[in-house]
Amino acid sequence: MTTSTFNQELIEFIQNDDITNQLHTIKDYFRWTYSNFNRSDIYYGHGQDNSWDESVQLVLSGLDLPLDLPNELYETRLTLSEKQAIIELVIQRLAKRLPVAYLTNSSWFCGLEFYVDERVIIPRSPISALIEDRFQSLLGKEPKRILDMCTGSGCIAIACAEQFKEAEVDAVDLSTDALNVAEINIERYNLLDRVFPLQSDLFDNLPTDKYDLIVSNPPYVDQEDLDDMPEEFHHEPEMALGSGFDGLDITKRILATAANYLNDNGVLVCEVGNSMIHLIEQYPNVPFNWLELRNGGLGVFALTKAQLVEHQAEFLK
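Fair warning: this is a prediction, and the values are worked out from it, not measured in the lab.

Procedures and definitions
- Residues numbered from 1 in each chain as written.
- Predicted model: local features only at pLDDT ≥ 70, side-chain atom pairs only at ≥ 80, totals over all residues.
- Heavy atoms only, no water.
- 1 Å grid on protein atoms, 1.4 Å probe; cavity = no way out; pocket = protein on both sides within 12 Å on 5 of 7 lines; lining within 4 Å.
- Points joined across faces, edges and corners; volume = space filled by probe spheres on them.
- Helix = DSSP H or I, 4+ residues; strand = E, 2+ residues; numbered from the N terminus.
- Domains from an automatic or database assignment.
- Core = buried A, V, L, I, M, F, W, Y, C linked by side-chain atoms within 4.5 Å.
- Buried < 20%, exposed > 50% of the residue type's maximum accessible area, 1.4 Å probe, protein only.
- Contact = heavy atoms within 4.5 Å.
- UniProt positions renumbered as here; feature names shortened; annotations may be inferred.
- Pairing = 2+ DSSP bridges.
- Axes fitted to C-alpha atoms, helices over the stretch in contact; angles between N-to-C directions.
- Parallel < 35°, antiparallel > 145°, perpendicular 65-115°, else oblique.
- Left-handed = near helix turned anticlockwise from the far one by under 90°.
- Nonpolar A, V, L, I, M, F, W, Y, C, P; charged D, E, K, R; others polar.
- Salt bridge = Lys/Arg side-chain N within 4 Å of Asp/Glu carboxyl O.

Volume-wise, the largest pocket comes out at about 1100 Å³. In terms of lining residues, the largest pocket is bounded by 43 residues, among which Gly45, Arg124, Pro126, Tyr220 and Glu271 are the most central. Put simply, the parts of the chain that give the lining of the largest pocket at least two residues each are strand E1 (107–109), helix H7 (127–132) and helix H10 (223–228). With three residues, the top contributor of residues to the lining of the largest pocket is E1. Here the lining of the largest pocket spans two domains, and each of domain 1 (8–104) and domain 2 (119–316) adds at least three residues to it. Cys150, Asp173, Pro219, Met239 and Ala240 are, among the 32 residues lining the second largest pocket, the residues nearest its centre.

This part is about the nonpolar core. Formed by 36 residues in total, the largest nonpolar core has its most connected members in Ile14, Ile26, Tyr29 and Leu58. Of all the elements in the fold, those that place two or more residues in this core are helix H1 (5–16), helix H3 (26–39), helix H4 (51–62), helix H5 (80–96), helix H6 (100–104) and helix H9 (176–188). Here this core takes six residues from H5, the largest share from any one element. Mapped onto the domain boundaries, this core takes at least three residues apiece from domain 1 (8–104) and domain 2 (119–316). Beyond its immediate stretch of four places on either side in the chain, Tyr29 contacts Ile19, Thr20, Leu23, His24, Val59, Leu78, Lys83, Ile86 and Ile87. One finds Ile146, Ala159, Ala171 and Ile186 within the second-largest nonpolar core, a separate group that totals 33 residues.

The next subject is the UniProt feature "domain: Methyltransferase small" (unreviewed entry) in the protein chain. In the numbering used here, UniProt assigns the "domain: Methyltransferase small" (unreviewed entry) feature to residues 142–229. In the segment residues 142–229, helix accounts for 32% and strand for 25%; the C-alpha atoms at its two ends are 38 Å apart.

What follows concerns the environment of Glu118. Here Glu118 lies in the loop between strand E2 (112–114) and H7. Judged by its relative accessible area of 43%, Glu118 is partly exposed. With 59 residues separating them along the chain, Glu118 and Asp177 place their C-alpha atoms 9.5 Å apart. Excluding its chain neighbours within four sequence positions, the residues that come into contact with Glu118 are Leu98, Tyr102, His235 and Pro237.

The seven strands lie next to each other as E5-E4-E3-E6-E7-E9-E8, forming an open sheet whose pairing is mixed. Each edge of the open sheet carries a strand with a single partner, namely strand E5 (195–199) and strand E8 (289–290). Looking at chain direction, E8 and strand E9 (residues 300–304) are connected through two bridges and run antiparallel. Bridge pairing in E9 links Asn289 to Ala302.

Further remarks concern the packing of H4 against H5. In the contact formed by H4 and H5, the axes pass within 10 Å of each other and the chain directions differ by 135 degrees. On the basis of the axis angle, H4 is oblique to H5. Here H4 runs over H5; the crossing is right-handed. Listed contacts from H5 to Glu54, Leu58, Val59 and Gly62 of H4 are Ile86, Leu89, Val90 and Arg93. Here the residues of the contact of H4 with H5 are counted per class, giving five nonpolar, one polar and two charged.

The buried count for strand E7 (residues 262–271) comes to seven of ten residues, which makes it a mostly enclosed element. Here strand E6 (residues 211–216) runs beside E7; their pairing, made up of five bridges, is parallel. Each bridged residue has a counterpart across the sheet, and for Leu213 the counterpart in E7 is Val267. Across five bridges, E7 lies against E9 in antiparallel orientation. Bridge assignment links Glu271 to a residue of E9, and that residue is Val300.

Relative to the assigned elements, Thr20 resides in helix H2 (residues 19–22). Beyond its immediate stretch of four places on either side in the chain, Thr20 contacts Tyr29, Leu80, Lys83, Gln84 and Ile87.

So, on to the pattern of salt bridges. Across all of its chains, the model carries 17 salt bridges by this definition. A salt bridge links Asp170 to Arg145, with the shortest nitrogen-to-oxygen separation between them at 3.2 Å. With Asp170 in strand E4 (residues 168–173) and Arg145 in strand E3 (residues 145–149), this pair connects stretches of sequence that are 25 residues apart. Here the two residues Asp170 and Arg145 agree in accessibility, since each one is buried. Connected via shared salt-bridge partners are Asp41, Glu54, Arg93, Arg97 and Glu232.

So, in structure tokens, the structure goes:
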């Protein structure tokens, strides 16, 4: 990956400018970062969708400060080393097109902060709205056993455990690297007794257990979209993004097996994003419940165990 000529010129301007003697407060660096991001050709899509929110995230995370920092502290002055650290983060963002979450090892999901690095994709699933609403209307009773399939950083598993205080959650992933990151986050939230990282190729290595809820944000990007993705996405593990020509290789395997791991009243919730078009075309008789999410996300469906069983023959073809 190379720095664009446009961004390189911007970086050289930054390096030659007397920034640390001219800018002093947190608010100054918000504005300065915002201006430089607006001048660049970087892409926003890893938790933030605009240059202002990403500027705030970079500056505050780079200073080890929370995103809900009281406004009155915006006027506080920074030390020279803090200024230099922010300037270097901005340069890295422009030069390498690294997402801010990787630069600061910090990402937010369901109001919770997670450690992330390039071993996992950055949390951004619209399933967050369902978790915050406690899967309202989908579950008849509070779940006691939850499976997070393709857990990555563990964000969905941990957020579910935080919402359902009596539940045990299995956090499953094929990647041992991802599970190592998930363990960092599980320990951060003191959930070692309720959230359990498990290495498995989907259900292959799991004992036949029964869950009240299976939640999955699997790889689902089709080949065309994967080829067209901005540079920022190519820092993420490709195995966590792509899933065959139509983006459904993993999802089809989940659909074929999930019923075997659900209680009678259990529910599968799964995200497929833009690949929902392919899913509808290939399974026209399946009554996917495409969920309306208050955060505007698309491509998340729910199926009950009964529906999965009824159409299991189609999923096994």
